[in-house]
Amino acid sequence: MRDAINVVTWDDGAVTGDRAVFVHGSTTWGTSAFARQRPLAHRYRLELMDRRGYGDSPDVAHSDATVDAQDLAALLAGRPAHLVGHSSGAVVALLAAARDPGAVRSLTLIEPSCYRAVPNDPVLASARAQNLEALAAASRRPPVSPAEYLRRSAESLDLPAPEPTPPRLRAAETAMRERPAWDVEVPLEGIGTAPWPKLVICGTWASAPERYRRLGGEPSMACGRAVAQAIGAELVTVRCSAHEPHWEQAEVVNATLLKLWEQA
């Protein structure tokens with residue numbers, strides 16, 4: 001049996017019996033990624049999983065969304081929950097929801113990175129091709145340290161590098177060995193026919209640096225639109241935010257989540 005993943009629970013006097021499970025993206029972990037969703041714990045029980053290789057979960061030789069989805073499915077089994085995933089964590093959430101639709105009360109995808117789920121979209125096809133070319137080029141260069149990976153990743157998008165704390169460096173090291181979420185096949189058919197409400201949240205990227213908006217924002221927004229249409233989800237765009245609307249505009253996103261959960 002595999003070692004269990006770490007799950008942090010926030011239950012600050014929740015007034016309902018429902019729970020919400022959150023799945024983080026790359027180079028972060030549960031409590032860091034969703035720190036600004038903590039106020040929701042006054043209404044719902046929040047469970048923040050650390051994917052393998054991140055946070056306080058066990059190490060993994062090669063991070064993969066399909067493995068994370070198995071962990072998430074085990075966490076959901078027998079206790080249906082509202083499911084929230086960000087970026088590559090949204091891919092994990094989609095895979096787990098498709099695997100066991102009965103374990104889901106609602107599904108929220110924040111800036112999903114599932115390019116292969118909508119292969120006919122020209123923007124996503126072009127972005128995936130560029131990403132594959134970049135990966136191939138990187139494989140021919142000498143390996144870099146996690147700190148250098150963080151620095152180069154940020155600089156390539158004209159962003160400031162995050163502080164290289166030990167948890168962040170571990171997250172970076174895992175991300176360096178991660179199967180890209182945008183290259184994972186995700187079956188959307190079962191998601192679209194599921195009876196529970198679905199929501200896709202994206203930033204507008206209007207204030208992001210030009211390079212970041214072009215390389216990250218345009219395909220991310222295209223992915224959000226295409227996935228929302230494919231699964232019949234409501235699409236919410238959050239002004240003054242880019243890839244992390246739940247952090248940059250937490251009050252807006254939290255209110256949107258509460259509305260969805262109460263309706264569900």
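What counts as what
Residues numbered from 1 in each chain as written. Predicted model: local features only at pLDDT ≥ 70, side-chain atom pairs only at ≥ 80, totals over all residues. Heavy atoms only, no water. Core = buried A, V, L, I, M, F, W, Y, C linked by side-chain atoms within 4.5 Å. Buried < 20%, exposed > 50% of the residue type's maximum accessible area, 1.4 Å probe, protein only. Helix = DSSP H or I, 4+ residues; strand = E, 2+ residues; numbered from the N terminus. Contact = heavy atoms within 4.5 Å. Pairing = 2+ DSSP bridges. Axes fitted to C-alpha atoms, helices over the stretch in contact; angles between N-to-C directions. Lys, Arg positive; Asp, Glu negative; His and termini not counted. Salt bridge = Lys/Arg side-chain N within 4 Å of Asp/Glu carboxyl O. Polar contact = N/O pair within 3.5 Å; in protein donor to acceptor, adjacent residues only side chain to side chain.

## A look at the nonpolar core
Counting residues in hydrophobic clusters, the biggest one holds 46 residues, and the most contacted among them are L72, L83, L107, L109 and V186. Of all elements in the fold, only β2 (19-23), α2 (65-76), β4 (81-86), α3 (88-99), β5 (104-110), α4 (122-139), β6 (198-203) and α8 (210-231) reach the threshold of two or more residues within this core. Those residues in contact with V186, other than ones at most four positions away along the chain, are V91, L94, L95, C114 and A117. Residues W10, Y44, V253 and W261 belong to the second largest nonpolar core, which totals 21 residues.

## Some remarks on the sheet that holds strand β1 (residues 7-10)
Taken in spatial order, the seven strands make up an open sheet running β1-β3-β2-β4-β5-β6-β7, and their pairing is mixed. In this open sheet, the two strands that pair with only one neighbour each are β1 and β7 (234-238). Looking at each pair of strands side by side, their axes are set apart by 20 degrees on average, direction ignored. As judged from the five bridges shared by β2 and strand β3 (residues 45-49), these two strands associate in the parallel manner. Pairing of F22 across the sheet is with L48, part of β3. Sitting on the sheet, α8 is in contact with β5, β6 and β7, with an inclination near 165 degrees to β6.

## Some words on the side chain of R168
Note that R168 resides in helix α6 (residues 166-176). Of the side chains bearing the opposite charge, E244 lies closest to the buried R168, which forms no salt bridge; the N-O distance is 6.9 Å. There is a polar contact of 2.7 Å between the side chain of R168 and the backbone oxygen of T27. Setting aside anything within four residues of it in sequence, one finds R168 in contact with T27, T28, W29, S32, L150, P162 and E163.

Purely geometric stuff here, so don't read any function into it on its own.
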